[in-house]
Amino acid sequence: MARISAFESSPVDDSSVPPRSSRRWLRTLLGALAVLVLLVAVLAIGGIFWLRASARAALPQLDGKIQVSGLSAPVLVRRDAHGVPHIEAATQDDLFFAQGYIVAQDRLWQMDMYRRNAYGELAEVLGSSMVAHDRAQRVLRFRKVAERMCAGLDAQDKRWLDDYSKGVNAFIAQHPNDLPAEFKLLMYKPSPWSGVDSMSVGTMMMDMLDTHWDTKLVREQIAAKLNSLPNGAQLESQLYPVGSWRDHPPTGEVIDLTQPEVNPPPVTDEDEDNTTAGIRDQRPGTRTAGNKATREQRNEIEPVDIRALRTMLGLPDCSGCVSGSNNWVVSGKHTASGKPLLANDMHLMLTEPNIWYMADLKAPGYHAAGVALPGVPWIIAGHNEHVAWGFTALMADVQDLYHEHLDGKGNYQAADGSWKPLAVDHETIHVRGGKDVTVDVQSTAHGPLLNPMFAKPLNEPVALKWTIYDAALNGLPIYAMNTAQNWAEFSAAIGQWCWPTQNVVYADDQGHIAYHAVGRVPMRPAGLQAKPVAAGDSGREWQGYIPFEGMPNAFDPPSGFLATANSRVTTEKSPYPLSLEWIEPYRAERIYKSLQGRDGLTPKDMIAVQTDIYSEVDQELAHRFAYAIDHASKADDRLKKAADLMRSWDGKLATDSAAASLVDQTRHALWPLVLEPKLGELTDDYRWQESNFAQEEIIMHGSSEWLPHEYKSWDDLLTEAVRRGMAKGKAPSDVSQWAYGSWHVMDIEHPLSGMLPFLRKFAGTGPQPMSGDGTTVKQVGRTLGPSQRFTMDWSNVDGSTENIVLGQSSNPYSPHFRDQWNDWYNGTTFALPFSDTAVAANTRNTLRLNP
């Protein structure tokens, strides 16, 4: 009491004490915030539990019986230890129906995303961030292409597509409330599947494997920049090599690998448009206000934000990250068994779920196994009872860009000088949470005008001509390939292949091996076009397609060995040029050096080469960088230690290698040093599939034309590149501890991880140390790598191996969501059972689909 009295009698400054009402308001606010935070936390936790419950509810039935309307007889579905379905049906109609049903069990949301991606309908479910992507897909006309392709198929192929679609739709109808969790998360349901949707998935592959137009557009700008410099044409040719002395075309001739390689035939006007192709001759005629540039003015071409467009469309936008592949075939005279071996690993962007779906399909008159595309029937790559095949991208040029002449009144100038109306398609993009966006897609006789795709206007109207727009082309011979019994039937099938352009290797149970380039490649009287050209020049127009027999091919070659890896497949004897942009030669060269001339080869030798991480060019450059440091005008102790690491390196890009870090980071740091003085802001836009070879040649020749004026010698320049590479790569003070895998990683994420970060741990791999690089047979990048690995052993069909990256299922709660990852990551594999006995012995789940 005394204390209270004393406190009460003390003088108090009332101004320093907040009013009771203010204190109550503050307590109320803090309490409300606490409740809000708690509510958000509860909702987040509840949302995660809801999502998990939804994912578990969507797990497919793997055992027992399911009544399915649409079948004519029961279908047996046996899954092996990796969840691969071995589907056996009484008729082929039921087989492809069941394939559609089973793939939908595991990959339905992926299938829906594939068709939405092609059609430009992602904004409808993902919101306004996808409008630019959808606009570009509408401009590229993939929906119309898919509709035309489907309409042009023969009756039998249409029938199989309809069967597959019926199976997918049967699954959707049976599972309205337990569809994959992504549908619930985004609050929409899939529309029925159709044959057109299957073809749209095919257009995705055509876009991925046959796109060159973006490179041509950028090259026009770079060429204009270089042509303002002395020796500009020579500098351009050095940045854009066509083939190399390291190439090994698959001729099947016995090659003496101890002898120096021969340079490729020189590029002539018949092979490449001259380096001034970016400067178009003018034709008379009225031009729009945005289309008035003169020849002299167009030497200064406004830069195009091509990097943003590449990222948006999912096109490669880094050195060495283009979709490629390896395949090879070895005749029985070089194998331990006396029977052929075929190997194939297709390098694509790695996604969750995987782009491929493994399957074994059997019905009277049909039995094939391998990998399929979710959304498409049949087996894309694999084998049947008598033949096996594998693919790599051919890199043939099937696209040209034309600067069109418009009159501003809705007309374009045709090749004969007359004015014709632009075709116009009115497109509407539905946007989740936003207003619809309209797009008018204008087209000339060449194809669609690309201008609406760019945020920054192009100098002139540019039209894209592409073989997929040719209404006369409709070949999709996958079923015929699946059922071929010998080379005569198989070659007849691939002779109908139109797109994408591919290298196909072949082996059969009779001991034959073969190679053939496939796809329709235009014949151009004036030669291949490196850059956009002026419309109206008849010499720049296509004159039919290269005949199938005129494409590179070999059958039972003397060498007993054939291999491709996206590098040049033509020789000086080839009757037709195919491309100006091959992928660099290092993988093909390494495959030949690893296998040609060896005998007693086994399937283990095949996967050893598929996972090989030695790079001859990286080792060569490591020695050059070390030499440069030794002879540089300035080099500190850290640089000298780096030199010692590089000179003693074995050339293997292992995850624990410090030298691999030094070489890779130095190569990245060198390009800006060399290119910026000449290209300026265009430096980051430079892309070429042989850019690593271009860099090798520039470095090893040490041309003074590429040496920046502030450096006295190439030794000083390369030393500075090593220094900058260490700085940019954040090398530790002790550079010997700079493990390659500490920063060179692979990270496969769920497509929605950008919206929901917790999915990265829930459904992705997270960053994983990764050996190899873009020049090794095991070609890898952060999101690029072998999408599958296949080895066919004709001495033991059931011992033939196939594996994909993660697993068959797209559901994180499935045991087959990531059960193949360890094999893929560690470079091992497993057999894909094929015979009835092997399938029965490996069956883990049995499901019967009954009518």
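Located above this text is the structure these notes cover.
Everything in this summary refers to the structure shown in the same document. (Residues numbered from 1 in each chain as written. Predicted model: local features only at pLDDT ≥ 70, side-chain atom pairs only at ≥ 80, totals over all residues. Heavy atoms only, no water.)

## Re the sheet that holds strand β17 (residues 513-518)
At step 1: Pairing within the open sheet is mixed, and its eleven strands lie in the order β1-β26-β2-β3-β6-β7-β8-β9-β16-β17-β19. The open sheet has two free edges, formed respectively by β1 (64-67) and β19 (553-555), since each of these has just one partner strand. Ignoring which end each strand starts from, the neighbouring axes of this sheet average 15° apart.
At step 2: As judged from the three bridges shared by strand β3 (residues 85-88) and strand β6 (residues 357-363), these two strands associate in the parallel manner. Within β6, the position partnered with glutamate 88 by the bridge is lysine 362. (Pairing = 2+ DSSP bridges. Helix = DSSP H or I, 4+ residues; strand = E, 2+ residues; numbered from the N terminus. Axes fitted to C-alpha atoms, helices over the stretch in contact; angles between N-to-C directions.)

## Some thoughts on the packing of aromatic side chains
At step 1: A complete count under the given rule lists 23 aromatic pairs for this structure.
At step 2: Consider the rings of tryptophan 389 and phenylalanine 490, whose centres lie 5.9 Å apart with planes at 45°: the pair is tilted. With tryptophan 389 in strand β9 (residues 387-393) and phenylalanine 490 in helix α14 (residues 487-494), the pair connects residues that are 101 residues apart, well separated along the chain.
At step 3: Considering the side-chain rings of tryptophan 821 and tryptophan 824, the 5.6 Å spacing of their centres and the 20° angle between planes classify their relative orientation as stacked. (Phe/Tyr/Trp six-rings, centres within 6.5 Å; stacked < 30°, edge-to-face > 60°.)

## A closer look at the environment of leucine 639
At step 1: You can see leucine 639 is positioned in helix α18 (residues 637-647).
At step 2: Considering only alpha carbons, one finds leucine 639 and glutamate 720, 81 residues apart in sequence, at a separation of 9.7 Å.
At step 3: Look past the residues within four positions of leucine 639 in its chain and what remains in contact with it is Ile629, Thr719, Val722, Arg723 and Met726. (Contact = heavy atoms within 4.5 Å.)

## Examining the nonpolar core
Burial of nonpolar side chains together is a common tendency in soluble globular proteins.
At step 1: Ranked by internal contacts, the top residues of the largest apolar core, which has 203 residues, are Trp213, Leu239, Trp356, Trp378, Met453, Phe490 and Leu849.
At step 2: The greatest single-element share of this core, amounting to 15 residues, is contributed by helix α3 (residues 92-119).
At step 3: Apart from the residues lying within four places of it in its own chain, the contact partners of tryptophan 213 are Ile306, Leu309, Leu313, Gln399, Leu401, Leu450, Met453, Phe454 and Leu464.
At step 4: If you look at the next biggest cluster of nonpolar residues, it comprises 15 residues, including Trp328, Ala343, Tyr592 and Met606. (Core = buried A, V, L, I, M, F, W, Y, C linked by side-chain atoms within 4.5 Å. Buried < 20%, exposed > 50% of the residue type's maximum accessible area, 1.4 Å probe, protein only.)

## With respect to the sheet that holds strand β15 (residues 462-466)
At step 1: With respect to topology, three strands assemble into an open sheet ordered β15-β10-β18, the strand pairing being mixed. Each edge of the sheet is formed by a strand with only one pairing partner; in this case those strands are β15 and β18 (533-534).
At step 2: As paired elements, strand β10 (residues 399-403) and β18 share two bridges and run parallel to each other. By the bridge assignment, tyrosine 402 is partnered in β18 with valine 533.
At step 3: Of the strands in this sheet, β10 and β15 touch helix α10 (residues 213-226), which is tilted by about 45° from β10.

## Concerning the side chain of glutamate 541
At step 1: Structurally, glutamate 541 is set in the loop between β18 and β19.
At step 2: Engagement of the side chain of glutamate 541 in a polar contact is seen with the side chain of histidine 446, the distance being 2.8 Å.
At step 3: Residues contacting glutamate 541, with those up to four places away along its chain left out, are Tyr402, His446, Lys465, Met523, Arg524, Pro525 and Gly536. (Polar contact = N/O pair within 3.5 Å; in protein donor to acceptor, adjacent residues only side chain to side chain.)

## Focus on unusual backbone geometry
At step 1: In this structure, the amide linkage connecting glutamate 352 to the following residue, proline 353, adopts the cis form with an omega of 0°.
At step 2: Along the chain, the position of proline 353 falls in the loop between β5 (341-349) and β6.
At step 3: The phi dihedral of aspartate 556 falls on the positive side, at around 45°, and the residue is not glycine.
At step 4: Its place among the elements puts aspartate 556 in the loop between β19 and β20 (561-564).
At step 5: On the accessibility criterion, aspartate 556 (32% relative accessible area) is partly exposed.

## A word on the packing of helix α6 (residues 142-152) against helix α9 (residues 195-210)
At step 1: At a minimum axis distance of 8 Å, the contact between α6 and α9 shows a crossing angle of 120°. Taken together, the axes of α6 and α9 are oblique relative to one another. Of the two possible hands of crossing, α6 and α9 adopt the one that is right-handed. For the pair α6 and α9, contact is made by Phe142, Val145, Ala146, Glu147, Met149 and Cys150 and by Gly195, Val196, Met199, Ser200, Thr203, Met206 and Asp207, respectively.
At step 2: Counted by class, the contact of α6 with α9 contains eight nonpolar, three polar and two charged residues. (Parallel < 35°, antiparallel > 145°, perpendicular 65-115°, else oblique. Left-handed = near helix turned anticlockwise from the far one by under 90°. Nonpolar A, V, L, I, M, F, W, Y, C, P; charged D, E, K, R; others polar.)

## Details of the pattern of salt bridges
At step 1: Summed over the entire model, instances satisfying the criterion amount to 35 salt bridges.
At step 2: Salt-bridge contacts for arginine 159 lead to aspartate 93; the nearest nitrogen and oxygen are separated by 2.4 Å. Of the two residues, arginine 159 is situated in helix α7 (residues 155-174) and aspartate 93 in helix α3; the sequence distance between them amounts to 66 residues.
At step 3: Residue arginine 159 is classed as partly exposed on the basis of its relative accessible area of 44%.
At step 4: With a shortest N-O distance of 2.8 Å, arginine 724 and glutamate 720 are connected by a salt bridge. Here glutamate 720 and arginine 724 lie together in helix α21 (residues 714-728), a separation of four residues that amounts to about one turn.
At step 5: Taking relative accessible area as the criterion, arginine 724 reaches 40% and is therefore assigned partly exposed. (Salt bridge = Lys/Arg side-chain N within 4 Å of Asp/Glu carboxyl O.)

## A closer look at the pairing of β17
At step 1: The buried fraction of β17 amounts to six of the six residues, a majority that puts the element mostly inside the structure.
At step 2: Residues Ile513, Tyr515 and Ala517 point to one face of β17 and Ala514, His516 and Val518 to the other, with burial holding for every one of them.
At step 3: Inspection of the sheet shows strand β16 (residues 502-508) paired to β17 by six bridges, in the antiparallel sense. Bridge pairing in β17 links glutamine 502 to valine 518.
At step 4: Between β16 and β17, which pair antiparallel one after the other, the connecting turn spans four residues, and glycine 511 there sits at a positive phi close to 100°.
At step 5: In this sheet, β19 lies alongside β17 in antiparallel orientation, the contact comprising three bridges. Its bridge partner being in β19, alanine 514 is matched across the sheet by phenylalanine 555.

## As for the pairing of β15
At step 1: Counting buried positions along β15 gives five out of five residues, so the element sits mostly inside the fold.
At step 2: Where burial is concerned, the two faces of β15 agree: the one with Val462, Leu464 and Trp466 and the one with Ala463 and Lys465 are both buried.
At step 3: Note: β10 against β15, five bridges, orientation antiparallel. Bridge pairing in β15 places tyrosine 402 opposite alanine 463.

## Some words on helix α15 (residues 586-595)
At step 1: A large share of α15 lies buried, amounting to eight of its ten residues.
At step 2: On its buried side, α15 packs onto β4 (324-330), β5, β20, α16 (603-610), α17 (616-631) and α20 (691-701).

## Examining the environment of lysine 65
At step 1: Relative to the helices and strands, lysine 65 resides in strand β1.
At step 2: On the basis of relative accessibility, which here comes to 59%, the residue lysine 65 falls in the exposed class.
At step 3: Setting aside residues up to four positions removed in sequence, lysine 65 forms contacts with Leu847, Arg848 and Asn850.

## Some words on the side chain of serine 703
At step 1: Residue position: serine 703 is located in the loop between α20 and α21.
At step 2: Of note is the side chain of serine 703, whose polar atom sits 3.2 Å from the backbone nitrogen of glutamate 705.
At step 3: Apart from the residues within four sequence positions on either side, serine 703 is in contact with Ile698 and Trp714.

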